[in-house]
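# Per-entry structural report
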Amino acid sequence: MVNLIGAKVMHTTFGTGVVTEQADNYVTVKFATKTAKFIYPDSFEKFLKVEAVDVQAAIMKSISEAKAAAEHKRQAEAAAEEQRRVAISVVEPNLKKVKSLDEMFAPDYHAEKLARQPILTYQQVEDRFGIRISGFGRGINPTDDTVVLISSIGKVRGSFVYHDKWTEDGDYLYSGEGRAGDQAMTKGNLAIRDAARDGKKIHLFVKFSPREYYYQGVFELVDYTYEDDKDENGNIRKEYKFRLRKLA
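Residues numbered from 1 in each chain as written. Predicted model: local features only at pLDDT ≥ 70, side-chain atom pairs only at ≥ 80, totals over all residues. Heavy atoms only, no water.

## Quick look at the pattern of salt bridges
Taken as a whole and judged by the stated rule, the model has 15 salt bridges. A salt bridge links Arg-132 to Glu-126; its shortest N-O distance comes to 3.8 Å. Given a relative accessible area of 60%, Arg-132 falls into the exposed group. For Glu-126, a relative accessible area of 10% gives the class buried. In this structure, Asp-198 engages Arg-197 in a salt bridge whose closest nitrogen and oxygen atoms are separated by 3.0 Å. Since its relative accessible area comes to 37%, Asp-198 is described here as partly exposed. According to the relative accessible area criterion, Arg-197 is exposed, its value standing at 64%. Here the salt bridges share partners, and the residues they tie into one network are Asp-169, Asp-171, Arg-243 and Arg-245. (Salt bridge = Lys/Arg side-chain N within 4 Å of Asp/Glu carboxyl O. Buried < 20%, exposed > 50% of the residue type's maximum accessible area, 1.4 Å probe, protein only.)

Set out below in structure tokens:
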């Protein structure tokens, strides 16, 4: 606070006066015709002006800083309120979906291992990784420095087209590409197998709809097997099962 005791001031109506008393939020000024109290520092912006230019400048600076602090506080409170509103409108609907998600899986899928946030749209996934998602969305998408895996929960005759699932200890079993007949170690399957050698990170999404791609994080290939399972036609075929482990 600027010390104003004894300072000469000019009032727009009462003329010249002297500050005789000062408190945290007011000053008392003695004029020729009356003594009056004024709110400090607000009055120095509208009614009063200190004769000493440097003192008046100091008061105006304090007023400006107080206004800036108040505006910053207002904006912070508004931002916090907006975040709270978004949390209510977005997070709560997602929480409501959690129950239905669990009901969509067989017990051996271990849906409790599924990360429920963040959720991206297919456009956001495409833009973030520079890929183009084809078909119904499930697939292996290699880029120059990543391998983006999209696991789908699409079902055929009550079972998964691909046999992706979490293990009890938190690894993810991702079925190789190839919907019918024996799968071959080519293209996307090779991209997963050779990701570490090629210095590529494996990113995993689990898709529920075009606007719901649940990001699971960055994974590494632990090992893979080539075993019997059903293809989309219900026929037994050889299928690659890549065991992926999330990186800390």
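There is more to say after this.
## A closer look at unusual backbone geometry
In this chain, Tyr-40 is followed by Pro-41 through a cis amide linkage whose omega measures 0°. With respect to the helices and strands, the residue Pro-41 is situated in the loop between β4 (35-39) and α1 (43-46). The residue after Gln-117, namely Pro-118, is reached through a cis peptide bond having omega -5°. Note that Pro-118 resides in the loop between α2 (53-103) and β6 (119-120). Phi is positive for His-110, which is not a glycine, with a value near 60°. By secondary structure assignment, the location of His-110 is in the loop between α2 and β6. A relative accessible area of 18% places His-110 in the buried class. Unlike most non-glycine residues, Lys-187 shows phi in positive territory, near 45°. Structurally, the position occupied by Lys-187 is in helix α4 (residues 187-193). (Helix = DSSP H or I, 4+ residues; strand = E, 2+ residues; numbered from the N terminus.)

## Considering the packing of aromatic side chains
Enumeration according to the criterion identifies 13 aromatic pairs in this entry. Both rings, one in Phe-129 and one in Phe-205, keep their centres 5.9 Å apart while their planes meet at 85°; by these two values the pair is edge-to-face. With a gap of 76 residues between them, Phe-129 in helix α3 (residues 122-129) and Phe-205 in strand β13 (residues 201-209) connect regions that are remote in the sequence. You'll find Phe-129 and Phe-205 in the same group, each marked buried. Residues Tyr-240 and Phe-242 carry aromatic rings whose centres are separated by 6.1 Å and whose planes lie at 25° to one another, so their mutual orientation is stacked. The exposure classification of Tyr-240 matches that of Phe-242, with both residues buried. An aromatic cluster is present here, built from Tyr-109, Trp-166, Tyr-172 and Phe-219 joined pairwise through their rings. (Phe/Tyr/Trp six-rings, centres within 6.5 Å; stacked < 30°, edge-to-face > 60°.)

## Some details on the nonpolar core
The biggest cluster of nonpolar side chains holds 23 residues, and the ones touching the most others in it are Val-147, Leu-149, Tyr-172, Tyr-174, Ile-192 and Leu-244. By residue number, the principal contributor to this core is β13, which donates four residues. Beyond its immediate stretch of four places on either side in the chain, Leu-149 contacts Gly-139, Ile-140, Tyr-174, Ile-192, Ile-202, His-203, Leu-204, Phe-205 and Leu-244. Membership of the second largest hydrophobic core comes to 15 residues, among which are Ala-7, Val-19, Phe-44 and Leu-48. (Core = buried A, V, L, I, M, F, W, Y, C linked by side-chain atoms within 4.5 Å. Contact = heavy atoms within 4.5 Å.)

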